[in-house]
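# Residue-level structural notes
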Amino acid sequence: MLKKFLPNEHVPRVLDITPAKLREMGIKGVITDLDNTLVAWNVMDATPEVIEWFKEMNENDIKVTIISNNERERVRVFSEPLETPYVYSAKKPLIRAFNQTAKQMDLKKEEIVVIGDQLMTDVLGGNFAGFHTILVVPIVKTDGKITRFNRMIERRILNWMRKKGMITWEEK
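Residues numbered from 1 in each chain as written. Predicted model: local features only at pLDDT ≥ 70, side-chain atom pairs only at ≥ 80, totals over all residues. Heavy atoms only, no water.

On to the environment of Arg151. Positionally, Arg151 belongs in helix 6 (residues 145–163). Exposure remark for Arg151: the relative accessible area of 10% places this residue in the buried category. Sequence separation between Arg151 and Met120 is 31 residues, and the spatial gap between their C-alpha atoms is 8.2 Å. (Helix = DSSP H or I, 4+ residues; strand = E, 2+ residues; numbered from the N terminus. Buried < 20%, exposed > 50% of the residue type's maximum accessible area, 1.4 Å probe, protein only.)

To continue, consider the pattern of salt bridges. One pass over the structure, following the stated rule, counts 9 salt bridges. Across the pair Arg76 and Glu80 runs a salt bridge whose closest N-O atoms are separated by 3.0 Å. Several salt bridges share partner residues, and in doing so they unite Asp33, Lys92 and Asp122 into one network. (Salt bridge = Lys/Arg side-chain N within 4 Å of Asp/Glu carboxyl O.)

Now for the sheet that holds strand 4 (residues 86–87). An order of 1-6-5-2-3-4 is seen for the 6 strands of this open sheet, with the pairing classed as parallel. In the strand order of this sheet, the two ends are held by strand 1 (9–11) and strand 4, each with one partner. Two elements, strand 3 (residues 63–67) and strand 4, share 2 bridges in a ladder whose sense is parallel. In the sheet register, Ile66 faces strand 4, and the bridge partner there is Tyr86. Running over the sheet, helix 2 (residues 48–59) touches strand 2 (29–32), strand 3 and strand 5 (112–116) and is turned about 135° from strand 3. (Pairing = 2+ DSSP bridges. Contact = heavy atoms within 4.5 Å. Axes fitted to C-alpha atoms, helices over the stretch in contact; angles between N-to-C directions.)

Here the residue pair Lys92 and Pro93 is connected by a cis peptide bond, since its omega of 20° sits within 30 degrees of zero. Locating Pro93 in the fold gives a position in the loop between strand 4 and helix 4 (96–105). Positioned with a positive phi, Lys91 is a non-glycine residue whose angle comes to about 60°. Structurally, Lys91 is set in the loop between strand 4 and helix 4.

Printed below as a string of structure tokens:
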């Protein structure tokens, strides 16, 4: 069961994931988390770097959809200026939002990656749904109450995985 928390990859930040790398993997779609993946959880708008990342994905015909457990207004305010589809109140790690998004993208699961900063929601949900998962380092160290609880559990899982030799990256 704990292996379902293991991401396929780990990168320091979402901006390190390039269209060229995705194309090399045969990827045509990205399902990404919002808070602490694209911007800090308390930042409402995309940064210039994130705007450029979305632009590059679009120019390279890589579809991107934001899936968040956050409420509609938070996700809408961030996504609409980027002209990016979104799912709010996604109830991750449940797989329904992931599968619906893949269907809307009209892509196969092998053509989509799931990117997020949490094992308990993004990686677990993406793995259960059968996608390639990429864990990113959270943008900021602060979180809301529920996420703080999740992070406590995640640290234990990551430490166990590290001891078993399942992960090789080091947290900064």
